Amino acid sequence: MTERLALTDDELAALLAVGSDVCDADLAGRDLTELVEVAGPAPRVFRRCDLTDARLTRGALIGATFEACVVDGAGFGQADLDGSVWKGGSAAKAVFSGADVSDAAFDGVDLANTVWRDTLIAGAAFTGCRLVGARFDESRGLGATFRRCNLMLAGMAGISLRGQELDGLRLDDADLSGADLRDTVWTDSRLRGAVLRAAELDGADLRGADLGDFSWQEAQLLSGATISADQASKLLAQLGIVVD
């Protein structure tokens, strides 16, 4: 286990003032608002730091790097995280409400139960992330991408994924009501129990998605989408119709 250093505000301020990396620091529970609200000479870099329950409200964190950090429960309200890079680590239950994470890259991060209320997520990329229970239903912006992510129970109502190739997504019991899923292509993904009420599926190719026990009564929700013969057979079987 990495031994972390307890930095004073003055010591941390000195590192940030000259653009030095902050490594192996214990910053859990700290209010860092005043220390990060003004941009430094270079993008901030945090490596292997403990930022559990820390406050970075209104942080000037454009292009910042968070590598193998523990950021569980941290507050990034109204922070500017445009172009930030997140590699590994955990940010479970972190709050990004009102923040700008445009073009940010999250790779292999545990983001379970995170809150993205009124967050600008345009162009943000989530790859290999655990996003169970994450709330994107009040986020803003187009072009966010998700690949090989676990989005079980996630709130994604109204999100736009139009035209994307959706690979390796687990969306069991996720809320996709009103989502724009037009022209999407699904591979190695799961939609078991997902809420698709009022979702737009024109041109969507769902042949690579596990729809689970999708009921015949709900089949109208798939209007405009392409499904496989096997998927169609399972739907018709509920009416006692056998497709040979």
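Residues numbered from 1 in each chain as written. Predicted model: local features only at pLDDT ≥ 70, side-chain atom pairs only at ≥ 80, totals over all residues. Heavy atoms only, no water.

S.K.: Help me get a handle on the side chain of Thr57, residues and values and all.
M.R.: Structurally, the position occupied by Thr57 is in the loop between β2 (45-47) and β3 (65-67). On the basis of relative accessibility, which here comes to 13%, the residue Thr57 falls in the buried class. Excluding residues within four positions of it along the chain, Thr57 makes contact with Thr33, Gly75 and Gly77. (Helix = DSSP H or I, 4+ residues; strand = E, 2+ residues; numbered from the N terminus. Buried < 20%, exposed > 50% of the residue type's maximum accessible area, 1.4 Å probe, protein only. Contact = heavy atoms within 4.5 Å.)

S.K.: Explain the layout of surface pockets to me, and be specific about the residues and the numbers.
M.R.: One number sums up the size of the largest pocket: a volume of about 200 Å³. Around the largest pocket sit Arg192, Ala209, Asp210, Leu211, Gly212, Asp213, Phe214, Asp230, Gln231, Lys234, Leu235 and Gln238, which together line it. If you list the elements that add at least two residues to the lining of the largest pocket, you get β11 (209-210) and α3 (229-237). Sorting elements by how many residues they give to the lining of the largest pocket places α3 first, with four residues. (1 Å grid on protein atoms, 1.4 Å probe; cavity = no way out; pocket = protein on both sides within 12 Å on 5 of 7 lines; lining within 4 Å. Points joined across faces, edges and corners; volume = space filled by probe spheres on them.)

S.K.: Report on the sheet that holds strand β7 (residues 145-147), specifying residues and quantitative values.
M.R.: Ordered by their spatial adjacency, seven strands build an open sheet running β1-β2-β3-β4-β5-β6-β7, and the pairing between neighbours is parallel. Unpaired on one side and paired on the other, β1 (22-23) and β7 mark the two borders of the sheet. Pairing of strand β6 (residues 125-127) with β7 involves three bridges; the strand directions are parallel. Looking at β7, one finds that Phe126 is bridged to Phe146. (Pairing = 2+ DSSP bridges.)

S.K.: Requested: an account of the nonpolar core, with residues and values cited.
M.R.: Counting 69 residues, the largest nonpolar core has Phe76, Phe126 and Phe146 as its most contacted members. Excluding residues that lie within four positions of it along the chain, Phe146 makes contacts with Phe126, Leu131, Phe136, Leu151, Met156, Ile159, Leu161, Gln164, Leu166 and Leu169. (Core = buried A, V, L, I, M, F, W, Y, C linked by side-chain atoms within 4.5 Å.)

S.K.: Mind laying out the packing of aromatic side chains, listing which residues take part and the relevant values?
M.R.: According to the stated counting rule, one finds 16 aromatic pairs in the structure shown. Here the aromatic rings of Phe66 and Phe76 are separated by 5.9 Å at their centres, their planes lie at 90°, and the arrangement is edge-to-face. Remark: Phe76 occurs in the loop between β3 and β4 (85-87) and Phe66 occurs in strand β3; sequence separation between them is 10 residues. In this structure Phe66 comes out as buried when scored by relative accessible area, which is 1%. With a centroid separation of 5.6 Å and 75° between ring planes, the pair formed by Phe76 and Trp86 is classed as edge-to-face. Taken together, the positions of Phe76 in the loop between β3 and β4 and Trp86 in strand β4 put the pair 10 residues apart, joining distant regions of the chain. Trp86 carries the same exposure label as Phe76, and that label is buried. An aromatic cluster of three or more residues is present, and its members are Phe46, Phe66, Phe76, Trp86, Phe96, Phe106, Trp116, Phe126, Phe136 and Phe146. (Phe/Tyr/Trp six-rings, centres within 6.5 Å; stacked < 30°, edge-to-face > 60°.)

S.K.: If you had to explain empty space enclosed by the protein to someone new, which residues and values would you point to?
M.R.: Counting across every chain of the model gives one cavity of 30 Å³ or more. By volume, the largest cavity is sized at about 40 Å³. Lining of the largest cavity is provided by Phe66, Cys69, Val71, Trp86, Lys87, Gly88, Ser90, Ala91 and Val109. Classifying every residue of the lining of the largest cavity gives six nonpolar, two polar and one charged. (Nonpolar A, V, L, I, M, F, W, Y, C, P; charged D, E, K, R; others polar.)

S.K.: Break down unusual backbone geometry for me, with residues and values.
M.R.: For Lys93, which is not glycine, the phi dihedral falls at a positive 65°. Take Lys93: it is sitting in the loop between β4 and β5 (105-107). Residue Lys93 is classed as exposed on the basis of its relative accessible area of 58%. For Asp188, which is not a glycine, the phi torsion comes out positive at approximately 45°. Here Asp188 falls in the exposed class, since its relative accessible area comes to 66%.

S.K.: Which residues make up the side chain of Thr119, and what are the values?
M.R.: Tracing the backbone through its elements, the reader meets Thr119 in the loop between β5 and β6. According to the relative accessible area criterion, Thr119 is buried, its value standing at 0%.

S.K.: Requested: an account of the environment of Ala122, with residues and values cited.
M.R.: Take Ala122: it is sitting in the loop between β5 and β6. Here the alpha-carbon distance between Ala122 and Gly141, two residues 19 residues apart in the chain, equals 4.3 Å.

S.K.: Can you lay out the environment of Gly63 for me, pointing to particular residues and giving the numbers?
M.R.: Relative to the assigned elements, Gly63 resides in the loop between β2 and β3. Between the C-alpha atom of Gly63 and that of Ala92, which follows or precedes it by 29 residues, the distance is 21 Å.

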